[in-house]
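A closer look at the structure
Listed below are the residues making up each chain.
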Amino acid sequence: MDEDRLDRVVRLPKVELHLHHEGAAPPAFIKGLAQEKSVDLSSAFAPDGSYAFRDFVHFLRVYEAATSVLETPEDYARLTSAILEESAANDVIYCETFLSPDFCGGGDLGAWREYLHAIRDAAEKAEQTHGIILRGIVTCIRHLGPERAKPAARCAAETAGDWIVGFGMAGDESRGKPKDFTYSFDMAREAGLRLTAHAGEWGGATSVRDALQDLRVERIGHGVHAIDDLSLVDMLVEKGITLEICPGSNVALKVYPSLAAHPIEKLRQRGVNVTVSTDDPPFFHSTMRDEYRNLAETFGWDEDVFAKINETAARSAFCDEDTRRRVLKRLERP
Ligand code: ADE
Ligand code: ZN
């Protein structure tokens, strides 16, 4: 692909469905907060100032250490502004972010409302300034266990509406089973929230099947190991399940050795609803523009392929229909 075409692809308007709020925190921002609060976070950073981790479990530990300096609604408001400025600079027009009541107020509903208010306020300002639309998906954290998921689900259910639009689960997929979390997912569903869960990132196809069956989710975070079981892939197509795929994250965390070895193209070719997101961009030295550039260079994806992917993402977004129409309109090509 020539540079001009590649440049057009990289600058396309984008819809991002899978972003962790704390995971999108620029390392300099977290370092600055740590300094303000006299917290020693030096082990979380490499000499060049980026986040430092050895593997997935260590990544989760560094993530939680970095998150520990985000202590107030005001910290989250500042973080939200920083994230949305960066996302808008990557041409993202609509984004869904994962927010965890465990990190925002320790699962307490009153505190969660304060954090949410601050985050929404910052998001509204960013929408006015940059035109980017943000919506929130409340997540429970799998490795914190099902009992901690219940207050998270209650926070989600109590604040469900036009801004908190979904409920999901992140965290260490090797811990526990999806069915341990049915109580929380049922509570969220009954409150009208749409559902997603991380599965098939570290777990195999069974993990994806269990999330679909036991949590009745309509999207899967990652889901890439579905490729190991083609009957599951066919089921994803038949049921119209959307995968929130984060290729740069999967390569950085060594789920796959390279982008060329990543199954996103095979999944797309078989008709799965694939979408593209960054997960935790500064942790993985990635941006949405980087993801697009790398996919175009590796798989030859052109503007038509990305246009379809963004349309799929907009159609799979958990927002209300009026917002979806506005997003689809902005994705229309001249
Ligand atoms: N939390 C933040 N990033 C995550 C990932 N890639 N998998 C599971 N939980 C996460
Ligand atoms: Zn994720």
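Each chain has its residues counted from 1, running along the sequence as written. Naming scheme: in the order in which they are written, chains are lettered from A and ligands are numbered from 1. Local features in a predicted model are, by the rule used here, given only for residues with pLDDT of at least 70; side-chain atom pairs are given and counted only at 80 or more, and totals for whole chains, interfaces and linings are based on all residues. Only heavy atoms go into the side-chain values, all of them from the structure, while hydrogens and water stay out.

**Observations regarding the site of ligand 1**
In these notes, residues near a molecule or strand are those with any non-hydrogen atom within 4 Å of it. Close contacts around ligand 1 come from His20, Phe56, Phe59, Tyr63, Ala170, Gly171, His198, Glu201, His222, Asp279 and Asp280, and that covers them all. We call two N or O atoms a polar contact when they sit within 3.5 Å, provided that within protein one can donate a hydrogen and the other can accept it, with sequence-adjacent residues counted only if both atoms are side-chain atoms. A distance of 2.7 Å is found between a nitrogen atom of ligand 1 and a side-chain nitrogen or oxygen belonging to Asp279. Between ligand 1 and Asp280 there is a distance of 2.7 Å, counted from a nitrogen atom to a side-chain nitrogen or oxygen. Per element, the largest residue contribution to the shell around ligand 1 is 3 residues, and it comes from helix 3 (residues 56-67). Its residues placed into classes, the shell around ligand 1 shows 4 nonpolar, 4 polar and 3 charged. Numbering of helices and strands starts at the N terminus; helices are DSSP runs of H or I of at least 4 residues and strands are runs of E of at least 2. Only Asp, Glu, Lys and Arg are considered charged, only Ala, Val, Leu, Ile, Met, Phe, Trp, Tyr, Cys and Pro nonpolar, and every remaining residue, Gly among them, polar.

**Here's the deal with the coordination of the zinc ion (ligand 2)**
All of the protein donors around the zinc ion (ligand 2) are His18 (NE2), His20 (NE2), His198 (NE2) and Asp279 (OD); their distances to the metal are 2.0 to 2.2 Å. For the zinc ion (ligand 2), the 4 donor atoms in the first shell make angles of 84 to 169 degrees at the metal, a pattern classed as irregular. Linear spacing of the donor residues for the zinc ion (ligand 2) on their chain is H-x1-H-x177-H-x80-D. Taken as a pair, His20 in strand 1 (residues 14-20) and Asp279 in the loop between strand 8 (273-276) and helix 12 (288-299) lie far apart in primary sequence, 259 residues in all. Neither residue differs from the other here; His20 and Asp279 are each classed as buried. Note: metal donors comprise N, O and S atoms at 2.8 Å or less from the metal (3.2 Å for Na, K and Ca); water molecules are not included, so apparent gaps in a site are possible. Every angle between 85 and 135 degrees makes a four-donor site tetrahedral, while opposite donors more than 155 degrees apart, with all other angles between 65 and 115, make a four-donor site square planar and a six-donor site octahedral; other sites are irregular. Note on exposure labels: buried denotes an accessible area under 20% of the residue type's maximum, exposed denotes more than 50%, and partly exposed covers the range between, all computed with a 1.4 Å probe on protein chains only.

**As for the packing of helix 6 (residues 146-159) against helix 7 (residues 182-190)**
What counts as an axis is a line fitted to C-alpha atoms, over the stretch in contact for a helix, and the angles between N-to-C directions run from 0 to 180 degrees. At a minimum axis separation of 8 Å, helix 6 and helix 7 run at an interaxial angle of 5 degrees. With respect to helix 7, the element helix 6 is oriented roughly parallel. Along the contact surface, helix 6 presents Pro146, Ala149, Lys150, Ala153, Arg154 and Ala157, while helix 7 presents Tyr183, Ser184 and Met187. A per-class count over the contact of helix 6 with helix 7 returns 6 nonpolar, 1 polar and 2 charged. Should an angle fall under 35 degrees it is called roughly parallel, over 145 degrees roughly antiparallel, and 65 to 115 degrees roughly perpendicular, with every other angle called oblique. By definition in these notes, contact holds between two residues if any of their heavy atoms fall within 4.5 Å.

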